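Structure at a glance
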Amino acid sequence: MDLRHLKYFLAVAETRNFTQAAASCYVAQSALSQQIARLEKDVGAQLFSRTSRSVRLTAAGELLEPLARRILADVDTARAALDALSGLRRGRLRLGLVQTRASSVDLVEVMADYHARYPGIDFHVTNAPSAEMAAAVLAGDLDIAVVGLGPRQVPDGLDHFVLDSDPLVLVVPADHALADREVVYLADLPESHQLIQFTRGSGLRRQVEAAFARAGVEPGQHFQVGQIQDMVRLAARGIGVTVVPRSSVLGADAPPGADPRVGLPYGAHALRIADEAAAHTICVVHDSKRLAPAAAAFLDVVERHAVRNQEGGGPAIDR
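Below you will find a few notes about this structure.

Rules behind the numbers
- Residues numbered from 1 in each chain as written.
- Predicted model: local features only at pLDDT ≥ 70, side-chain atom pairs only at ≥ 80, totals over all residues.
- Heavy atoms only, no water.
- Helix = DSSP H or I, 4+ residues; strand = E, 2+ residues; numbered from the N terminus.
- Buried < 20%, exposed > 50% of the residue type's maximum accessible area, 1.4 Å probe, protein only.
- Contact = heavy atoms within 4.5 Å.
- Areas by Shrake-Rupley, 256 points an atom, 1.4 Å probe, with all protein chains shown as cover.
- Lys, Arg positive; Asp, Glu negative; His and termini not counted.
- Charge placed at Lys NZ, Arg CZ, Asp CG, Glu CD.
- Phe/Tyr/Trp six-rings, centres within 6.5 Å; stacked < 30°, edge-to-face > 60°.
- Lys NZ or Arg CZ within 6 Å of the ring centre and 35° of its normal.
- Axes fitted to C-alpha atoms, helices over the stretch in contact; angles between N-to-C directions.
- Parallel < 35°, antiparallel > 145°, perpendicular 65-115°, else oblique.
- Polar contact = N/O pair within 3.5 Å; in protein donor to acceptor, adjacent residues only side chain to side chain.
- Patch = residues over 30% accessible without salt bridge, like charges linked within 9 Å, V, L, I, M, F, W, Y side chains within 5 Å.
- Salt bridge = Lys/Arg side-chain N within 4 Å of Asp/Glu carboxyl O.
- Nonpolar A, V, L, I, M, F, W, Y, C, P; charged D, E, K, R; others polar.
- Core = buried A, V, L, I, M, F, W, Y, C linked by side-chain atoms within 4.5 Å.
- Pairing = 2+ DSSP bridges.

Before going further, it helps to examine the overall build of the protein chain. A count of helical and extended segments in the protein chain gives ten helices and twelve strands. Along the longest, intermediate and shortest principal axes, the C-alpha atoms of the protein chain span 70 × 50 × 30 Å. A burial count over the protein chain gives 45% of its 319 residues as buried. For the protein chain, the proportion of contacts with a sequence separation of at least 24, taken over those separated by at least 6, is 72%. Counting only carbon and sulfur atoms, one obtains 49% of the accessible surface of the protein chain, whose full area is about 16100 Å². The average position of the 33 basic charges and that of the 37 acidic charges among the side chains of the protein chain differ by 7 Å.

Next up, the structure:
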């Protein structure tokens, strides 16, 4: 079985289109079709059901897809291990990064430090909802992901450590009925409130919904926004209320007693939620069974920065 055949197979499986798959693989469509036919002959089964309008995976194709991903991921791991014999002078790191501000550990500084140590390692960075990135690590499509998931939300089979836990705050406009409070219960929100939510499938969205569930109330009517700062501005203008990580509105270094209006537009207030579990937890996830040397080196750099942050008064690493 030729590895190229598996790459072509996955390209068609992802695009459901032979023309697009051929373009993404930089080969002629006729050549790609021939290679797929050879793969089907090798495995003794038809992998795609083709019509004039659609391309679908057959049962055999659905069985092969995750296996093909694992095979190609294992090949990448083997190549990375061989690169390690050269002292990590070349290779790549497939890294997933949460879309929100990740933690008090500055991941840009982590990446810069890593690049200074291993300039021959290329970064392939993905930004996607946390659940998708964790699944990609499990499937072997990413080496490491920094995700907005709590330890209980990390998929079985993955290793993790907690990098940070950022308290959630409720952002309300200046004239809101709760604006003068320092601490608020989510159950105190009017039943008619409009909730401005982050992207569906994101770790922050899950943690906010879990906080409402613990409070025994429905999140209420809501609409979705893809940027934290837009959520805060919309809430400040009275479009609704929103729940966001404290550091995203007050800064990562803000002391516990910081003025909840500082840095917020239009005099909006960021109110502490009376639920210690209401936090945006950030975990670093990886699969120790298939950890490439470049990925192991990155974990080491992340931990060094986290320890340095802890010694300076930042949060501790929780394994």
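Going through the model one piece at a time under the given rule, you end up with six aromatic pairs. Between Phe18 and Phe48, the aromatic rings sit 5.9 Å apart at their centres with planes inclined by 70°, giving edge-to-face as the arrangement. Of the two residues, Phe18 is situated in helix H2 (residues 18–25) and Phe48 in strand E1 (residues 48–50); the sequence distance between them amounts to 30 residues. Using a relative accessible area of 0% as the deciding quantity, one classes Phe48 as buried. Linked through ring pairs, Tyr114, Tyr118, Phe123 and Phe298 together constitute an aromatic cluster. The ring of Tyr266 is capped by Arg237, whose NZ or CZ atom sits 4.8 Å from the centre of that ring.

A few words on the packing of helix H1 (residues 3–15) against helix H3 (residues 29–43). Look at H1 against H3: their axes get within 9 Å of each other, and the N-to-C directions meet at 110°. Here H3 runs roughly perpendicular to H1, going by the angle between their axes. Seen from H1, the contacting residues are Arg4, His5, Leu6, Tyr8, Phe9 and Val12; seen from H3, they are Leu32, Gln35, Ile36, Arg38, Leu39 and Asp42.

A few words on the side chain of Ser248. With respect to the element layout, Ser248 can be found in helix H9 (residues 246–250). Ser248 sits in the buried class, given a relative accessible area of 15%. For Ser248, the side chain forms a polar contact with the main-chain oxygen of Pro245, separated by 2.6 Å. Aside from chain neighbours lying at most four places away, what touches Ser248 is Ile228 and Gln229.

Along the chain, Val55 turns up in strand E2 (residues 55–57). You can call Val55 buried: its relative accessible area is 11%. Here Val55 is in contact with Val12, Arg16, Phe18, Phe48 and Ser49, once residues within four sequence places are set aside.

Bringing the side chain of Arg205 into the picture now. Mapped onto the elements, Arg205 comes out in helix H7 (residues 203–215). In terms of polar contacts, Arg205 uses its side chain to reach the side chain of Gln224, at 3.3 Å. Once residues within four sequence positions are removed from consideration, Arg205 is found in contact with Gln197, Phe198, Thr199, Arg200, His222 and Gln224.

A separate point is a nonpolar patch on the surface. There is a patch of nonpolar side chains on the surface, built from Leu3, Leu63, Leu67 and Ile71 and spanning about 350 Å² of accessible area. Broken down by element, the residue count for the nonpolar patch peaks at three residues, all from helix H4 (residues 59–84). Tracing the backbone shows Ile71 in helix H4.

Here the focus is the packing of H2 against H3. Interaxial distance between H2 and H3 falls to 9 Å at its minimum, and their mutual angle equals 100°. The orientation of H2 with respect to H3, classified from their angle, is roughly perpendicular. Only Gln29, Leu32, Ser33 and Ile36 of H3 make contact with H2, whose side of the interface consists of Phe18, Thr19, Ala21, Ala22 and Cys25. Taken together, the residues of the contact of H2 with H3 sort by class into six nonpolar, three polar and no charged.

Moving on to the nonpolar core. Counting 34 residues, the largest nonpolar core has Leu170, Val171, Val243, Val244 and Val249 as the members making the most contacts within it. Contributing elements (two or more residues each) for this core: strand E6 (159–172), strand E8 (194–197), H7, helix H8 (228–236), strand E10 (241–245), H9 and strand E11 (269–273). With residues up to four places along the chain from it excluded, the contact list for Leu170 reads Leu178, Val184, Leu189, Val241, Thr242, Val243, His269, Ala270, Leu271 and Ile273. Core analysis: the next-biggest nonpolar cluster, separate from the first, contains 25 residues, Leu97, Met111, Ile121 and Val302 among them.

Most of strand E12 (residues 279–286) is tucked away: eight of the eight residues are buried. Across four bridges, strand E5 (residues 144–147) lies against E12 in antiparallel orientation. Residue pairing for E12: Ala145 is matched across the bridge by Val285. Of the pairings in the sheet, the one linking E6 to E12 comprises eight bridges and is antiparallel in character. Looking across to E12, one finds that Asp166 is bridged to His280.

Moving on, we come to unusual backbone geometry. With a phi close to 60°, Tyr26 is a non-glycine residue in the positive phi region. Its relative accessible area of 76% is what places Tyr26 among the exposed residues. If you check the backbone angles, Tyr266 has positive phi at about 60° while not being a glycine. Here Tyr266 falls in the partly exposed class, since its relative accessible area comes to 48%.

Function cannot be read off these values alone, since they describe shape.
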